[in-house]
Amino acid sequence: MFGDLFEEDDSSVSHNQYGKGKKLKTKAVEPPPPREFTNLSGIRNQGGTCYLNSLLQTLHFTPEFREALFSLGPEELGSLEDKDKPDAKVRIIPLELQRLFAQLLLLDQEAASTADLTDSFGWTSNEEENSKPDVNLKDLQNEEEIDDPLMILKTILLQEESNLIPVDQLGQKLLKKIGISWNKKYRKQYGPLRKFLQLHSQTFLLSSDESTVRLLKNSTLQAEPDFQRNDQQIFKTLPSESPGFNGRTSCPHWFDINDSKVQPIKEKDIQQQFQGKESAYMLFYRKSQLQRPPEARGNPRYRVPRHLLSEMDAANIELQTKRAECDSTENNFELHLHLGPHYHFFNGALHPVGSQTESVWDLTFDKRKTLGDLRQSIFQLLEFWEGDMVLSVAKLLPAGLHVYQTLDGDSLTLSEIELADGEDIFVWNGVEVGGIQIPAGRDCEPLLLNVLHLATSSEGGKCQQLIEFPHVFPSNAEVGTVFTSLAIPGGVVLINNTESIGEKNWTTIPKVDLKKTFREQGLRNGSSILIRDSNHDNSLLAKQEKWITSMNEIDWLQVKNLCELESEEEQVRISATVNTVVFDIRIKAIQELKLMKELAENSCLRPIDRNGKLLCPVPDNYTLKEAGLKMGSSLGLCPGRAPTSSQLFLFFAVGSDVQPGTEMEIIVEETLSVRDCLKIMLEKSGLLGDAWHLRKMDWCYEAGEPLCDEDATLKELTICSGDTLLLIEGKLPPLGFLTVPIWWYQPQHPSGHWKSHQDRRNCTPSQGGIWRAISAQGAPGDVHAEVSLHYLGDIDISEDATLMELKSQAMTLPSFSEFVIPSPAFLRAWTVESKRPSRLLRADQQQLKEYKLGRRTEICLEPLQKEENLGPQDVLLRTQMRLPGERAYALPMNMVWDAARGWTAGSLRQRVADFYSLPVEKIEIAKYFPEKFEWLPISSWNQQITKRKKKKKQDNLQGAPYHLKDGDTIGVKNLLAEDDDDFSTVTDDIGKEKQKQLALGKRKSQEALRVQSSHVFSGAETPARPRGPEASLSIHVGSFR
């Protein structure tokens, strides 16, 4: 029955696609698609193999033939593993046919490949090409067909496995076939290749990233009528033949099998499709009386050899794995979460308070999920988050981070929202950051502009000095606000939107246009603004007040003598160009200052900023352009050589409170370790001991993260010349450890006269231990005007330790011996922020690293009367009952509220009523805001309408305006004793009055400063620009960019 199938074949045989012990051969781009709803597998057309495919499907759907083939074992056919052995008798063709049938029955893929089977026939690729004259480009004799790119591209794709190919390779194969590239032959008429493929979407299917292209199944070449339909056949599968539609085998179905494509077809369509004299369809009939055994019905594994069952099962598992990996790669994208609590609004934009790792978290997420899923995942990720969570699209601009539109519609998928891979998302409460309301949207986008101020130097009126510094302005602000922002009474504004500062690039803004916004004037990041006093000589401006005519006349640098040697001149002006070498300027300055020639070997030039600070020395071999020096700048001639290319010039200071001008200077090798650099700085500072560490000053003049790896070199930590390092007392813990300051917290303890929290390091210990306390302004009632925090000491603990272990270690501190605590379970732990207990740390067995405490976290411990085990939904509140007839409260009491059923006002009111054994309708409650000295009544509102979502929203005390969290104070009023709406105390009145006085004093001082600046400008002929309040910070905004 099998004829020549058993003839030996000595020709080369390719490795089997799903051979034993071999990996599934799939496309590198993506795995083959799974079977469609028919649950039947087609056969891929290699190009001209459509008749073969029809014959193979016919044999496959003949169970008598298929099962007879499966019954042949290694005794009759041998094994493919032995095919390369010289004496082995291996029947390769039937073995490959067995495996193909097993794939058609069991492998979950849309279409099987006959490549290994045709290899066993001895067919080569050349023979395959010659066997399909209808699709060979060489046989396209008609010139019109050759000029048709659609025909050519379809022909190339038909020759590919799965009719799939990368777009780049498609262009290469086109060049190889016709001898000319797409761009030269077709681009002018049809456009780029990818655009052509997109326009013919009914024929070609591009992948989502447009990297690969597939020929659609219903697309064939229009060569000859019989070619269009010669690869199709109609099968009627009975319940015993195939699982049918997803395993449902209740009735037989007719199927139209067209190579890879398998579709159900109705009987009436079969009659219409095959009527007429000519038909290239292969029709296969079998006797209806043939019966299948019951065990074969709906069982595609029937009579399949065990080794093939194992191979197909392994191949299916591998296919599932690869599809899951491909699905994850295609649908997962990365988001950068910028956490609002770790940012502050400064100089027109948002900037991180701490390190990048604390402020920005990367999250990989499935873009098919909804915005609500993303919000819930972030809630779970940020365990410390309390209150409303708003997600907004943000963007890093030269000025800093700026917030744009808020993401809305929790039921929409991230793909529908059109979030891009690598998008920056700002996580905040939607209103403010650090107490400052944040402007959002494109209209108020911050612009970082270069501001140039042409002013007379303070040394006299002989020369004009050009001062340049960066400054941030909102793009929707009026241009005229530049005067108030920079404390300049008035003048002329010129703008330059190009990188060049040539005279023809500057335009004067008329006074009428000063009311236009920066965006309306066409200014963008990097644009320049020149501010010139209106009473300057008009020769600086053209008569039409349009172009600057003397900008290029500033071709000098001013050099001051700072060598502490007497000379006839204190400063000289040296002519130069941007290509002048610094060494030439230094030597010329020494000559004109008439100083000793010995200084030529032991001196350097250092730029002087507009605040008078000496900056890092400039290397002698730099040109002015390479050194970044502008014409008109001031330089100081100082003793000592400039650092070499392998050295760093660093500023350093002791402590975090650095006053301008108090920094010390040092030159070290860039390969020096942090430990050795610390020793040199300690020696130069005259400090003893090893309990010190280094921190790098950040861009806003605050102590940044510590340099933890003391064995790393300065170069490895990206320390650059001009950086400022701070010597901070306290030895750093080893890697993986935290140094945690521990405080003792007694809410009920009367207030006392304690020293400041910030000054605890420099205070003398008392006899009873090291005690400190914090004054917390505006606590409710007169008795509790201060929060008592007593400093116990520091502990070094591993980040892998649990909260219980931290409490146990804190109990070993010497200052803790005065307290009688039975066990660590009788202690409650809080983080300390803004001089107050902040976040409650629950779950004693949780590791410290899971709390994400950071290296600056301080913890306070509160004693308990009994052990407590707070659940994740339990909220700890301080409740105080108002004293009838008095504007004061009783001592606070701890109340635990189970918020599992919702953070609603009604639930909280019921819990408070039960706690005080009062009717719920006879109490009123309010939350206290100590920073504002205000009480906010909590009413039982059930629903509210939000303008943004246009739907009802359940009340949630975690959100605005209450932002309820652990440790908050809740005032309780008994309406049976007094019936009024006032929750305030006498202390609140005093606190509010003090705040008003402070605000008034601050306003008066600002007005006095403006008046003083105005007098200075009006009384001087050529005034110098006064120092703005944000000057030092604005310089570092530039470096931040």
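Look up: the structure comes first, before these words.
Please read these numbers as outputs of a predicted model, since none were measured by experiment.

(A) Quick look at the packing of aromatic side chains. Under the criterion given, the structure shown has 18 aromatic pairs. Feature note: the residues Trp 182, Tyr 186, Tyr 190 and Phe 196 constitute an aromatic cluster, connected by ring pairs. Between Lys 369 and the ring centre of Phe 365, over which it is positioned, the NZ or CZ distance is 5.5 Å. Taking NZ or CZ as reference, Lys 613 lies 4.6 Å from the ring centre of Phe 651, over its face.

(B) Molecular detail of the environment of Leu 870. Its location among the elements puts Leu 870 in the loop between strand 37 (858-863) and strand 38 (874-881). With 29 residues separating them in the primary sequence, Leu 870 and Leu 841 have C-alpha atoms 9.9 Å apart. If we ignore the near neighbours within four places in the chain, the residues touching Leu 870 are Leu 840, Arg 842 and Val 896.

(C) Spotlight on the pairing of strand 24 (residues 556-561). The buried count for strand 24 comes to five of six residues, which makes it a mostly enclosed element. Two strands pair when backbone bridges link them, and strand 24 and strand 25 (residues 571-575) are joined in this way by five bridges, in the antiparallel orientation. Opposite Lys 560, over in strand 25, you have Gln 571 as the bridge partner. As paired elements, strand 24 and strand 27 (residues 634-639) share four bridges and run parallel to each other. The partner of Val 559 across the bridge, within strand 27, is Leu 635.

(D) Region of the structure containing the environment of Ala 600. Mapped onto the secondary structure, Ala 600 falls in the loop between helix 20 (582-592) and strand 26 (603-608). On the basis of relative accessible area, Ala 600 is assigned to the partly exposed category, the value being 23%. Here the alpha-carbon distance between Ala 600 and Ile 590, two residues ten residues apart in the chain, equals 7.5 Å. Every residue in contact with Ala 600, bar those within four places of it in the chain, is listed here: Arg 586, Ile 587 and Ile 590.

(E) Representation of the sheet that holds strand 29 (residues 664-669) in the model. What the five strands build is an open sheet, ordered 29-28-32-30-31; its pairing is mixed. The sheet is open, and its two borders are formed by strand 29 and strand 31 (703-706), each paired with just one other strand. The sheet shows a mean angle of 40° between the axes of neighbouring strands, taken without regard to direction. Pairing of strand 30 (residues 692-697) with strand 32 (residues 724-729), which is carried by five bridges, proceeds in the antiparallel orientation. For Trp 692, the partnering residue across the bridge sits in strand 32 and is Glu 729.

(F) A look at the pattern of salt bridges. In total, this model carries 33 salt bridges according to the counting rule given. With its nearest N and O atoms 3.1 Å apart, the salt bridge here joins Lys 85 to Asp 82. One salt bridge connects Lys 849 with Asp 800, and the closest N-O pair in it is separated by 2.9 Å. Note that Lys 849 is positioned in the loop between strand 36 (836-841) and strand 37 and Asp 800 in the loop between strand 34 (789-798) and helix 23 (803-810), a separation of 49 residues in sequence. Look at Asp 800 and you get partly exposed, because its relative accessible area is 41%. Here the residues in one salt-bridge network are Arg 882, Arg 887, Glu 978, Asp 982 and Asp 989, joined through shared partners.

(G) Fine view of the packing of helix 4 (residues 92-106) against helix 15 (residues 306-331). Interaxial distance between helix 4 and helix 15 falls to 10 Å at its minimum, and their mutual angle equals 50°. By the criterion of interaxial angle, the relationship of helix 4 to helix 15 is oblique. Where helix 4 crosses over helix 15, the handedness of that crossing is right-handed. The residues of helix 15 that touch helix 4, namely those facing Gln 98, Arg 99, Ala 102, Gln 103 and Leu 106, are His 307, Leu 308, Leu 309, Glu 311, Met 312 and Asn 316. Of the residues that constitute the contact of helix 4 with helix 15, the class distribution is five nonpolar, four polar and two charged.

Quick notes on the rules
Residues numbered from 1 in each chain as written. Predicted model: local features only at pLDDT ≥ 70, side-chain atom pairs only at ≥ 80, totals over all residues. Heavy atoms only, no water. Phe/Tyr/Trp six-rings, centres within 6.5 Å; stacked < 30°, edge-to-face > 60°. Lys NZ or Arg CZ within 6 Å of the ring centre and 35° of its normal. Helix = DSSP H or I, 4+ residues; strand = E, 2+ residues; numbered from the N terminus. Contact = heavy atoms within 4.5 Å. Buried < 20%, exposed > 50% of the residue type's maximum accessible area, 1.4 Å probe, protein only. Pairing = 2+ DSSP bridges. Axes fitted to C-alpha atoms, helices over the stretch in contact; angles between N-to-C directions. Salt bridge = Lys/Arg side-chain N within 4 Å of Asp/Glu carboxyl O. Parallel < 35°, antiparallel > 145°, perpendicular 65-115°, else oblique. Left-handed = near helix turned anticlockwise from the far one by under 90°. Nonpolar A, V, L, I, M, F, W, Y, C, P; charged D, E, K, R; others polar.

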